[in-house]
Amino acid sequence: MLDIPRNEEYNTNIVNKMKKERNKMDFATKELSKHIKNKGIKLAKISSATGLSYYVVTASLSGERPLRAEEFLKICQFLNVDPNQFSIIKKYQQGKNKD
């Protein structure tokens, strides 16, 4: 049987680590989420048009779960946008243009 420490500090540390991990969202997903928000597109519409469950769409775009590559591509196809516009290269180019 697995021996799990039961002290308060240990449990708090584990919960905090889990929250940090959950809140991590890759750059492409963040940018896609911003794009959707800026365009005022309803997540329910994305869900029905792509065949992805509403939970998958909302949880992925809020950072609660990772957005899988095929899900990302389905959403981009529905939005009629080039997936490369959300790439890390774009982030680098934006940072370079600020200088």
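Look up a bit, the structure's there.
Residues numbered from 1 in each chain as written. Predicted model: local features only at pLDDT ≥ 70, side-chain atom pairs only at ≥ 80, totals over all residues. Heavy atoms only, no water.

1. Brief notes about helix α4 (residues 54-61)
Note the following rule: Classification of residues uses two cut-offs on accessible area relative to the type maximum, computed with a 1.4 Å probe and protein chains only: under 20% is buried, over 50% is exposed, and between them is partly exposed. A helix here means a DSSP run of H or I that spans at least four residues, while a strand means a run of E at least two residues long, and both kinds are numbered starting from the N terminus.
When we look at burial in α4, the residues that qualify are Val56, Val57, Ala59, Ser60 and Leu61. Looking one or two places after α4, you find Gly63, whose phi comes out positive at around 90°.

2. Side note on the environment of Glu31
Operational definition: Nitrogen and oxygen atoms within 3.5 Å of one another constitute a polar contact, given that in protein one can donate a hydrogen and the other can accept it, and given that sequence-neighbouring residues count only through two side-chain atoms.
As for its position among the elements, Glu31 is in helix α2 (residues 27-39). You can call Glu31 buried: its relative accessible area is 17%. For the pair Glu31 and Gln85, spaced 54 residues apart in sequence, the C-alpha to C-alpha distance is 8.7 Å. Only 3.0 Å separates the side chain of Glu31 from the side chain of Lys34, close enough to count as a polar contact.

3. A few points about α2
Going by this rule: To estimate how far a helix should extend, the number of its residues minus one is multiplied by 1.5 Å.
The end-to-end C-alpha distance of α2 is 18 Å, a good match for the 18 Å that 13 residues give at a rise of 1.5 Å each. Buried residues of α2: Phe27, Ala28, Thr29, Glu31, Leu32, Ser33, His35 and Ile36, and no others. Where α2 starts, the residue carrying a side-chain oxygen 3.0 Å from the main-chain nitrogen of Ala28 turns out to be Asp26. Positive backbone phi, approximately 70°, marks Gly40, located one or two places after α2.

4. Structural notes on the pattern of salt bridges
Pairs can form between side chains of opposite charge whenever their charged atoms are close. Rules: Any carboxyl oxygen of Asp or Glu within 4 Å of a side-chain nitrogen of Lys or Arg constitutes a salt bridge here.
Scanning all chains against the criterion turns up three salt bridges. A salt bridge links Arg65 to Glu71; the nearest nitrogen and oxygen atoms lie 3.0 Å apart. Across the pair, exposure class does not vary: Arg65 and Glu71 are buried alike. Glu71 is the salt-bridge partner of Arg68, the closest N and O atoms lying 3.5 Å from each other. On the accessibility criterion, Arg68 (46% relative accessible area) is partly exposed. Assessed through its relative accessible area of 6%, Glu71 is described here as buried. Residues joined by salt bridges that share partners form a network here, namely Arg65, Arg68 and Glu71.

5. A look at the nonpolar core
Keep this limit in mind: What makes a nonpolar core is a set of buried Ala, Val, Leu, Ile, Met, Phe, Trp, Tyr and Cys residues whose side-chain atoms join them at distances within 4.5 Å. What makes two residues a contact is simply this: any of their non-hydrogen atoms within 4.5 Å.
Counting residues in hydrophobic clusters, the biggest one holds 15 residues, and the most contacted among them are Leu32, Ile36, Phe72, Ile75 and Phe86. Broken down by secondary-structure element, the contributors of at least two residues to this core are α2, α4 and α5 (69-79). Leave out the neighbours within four places in its chain, and Phe72 touches Ala28, Leu32, Leu67, Pro83 and Phe86.

6. A word on the packing of helix α3 (residues 43-50) against α5
The condition that has to hold: Angles shown run from 0 to 180 degrees and are taken between the N-to-C directions of axes, each axis being a line fitted to C-alpha atoms and, for helices, limited to the stretch in contact. In this scheme, roughly parallel covers angles under 35 degrees and roughly antiparallel covers those over 145, while 65 to 115 is roughly perpendicular and the rest are oblique.
Close contact between α3 and α5 brings their axes to 10 Å; oriented N to C, the two are set at 105°. As summarised for this structure, α3 and α5 are arranged roughly perpendicular, according to the angle between their axes. Listed contacts from α5 to Lys45, Ile46, Ala49 and Thr50 of α3 are Lys74, Ile75 and Phe78.

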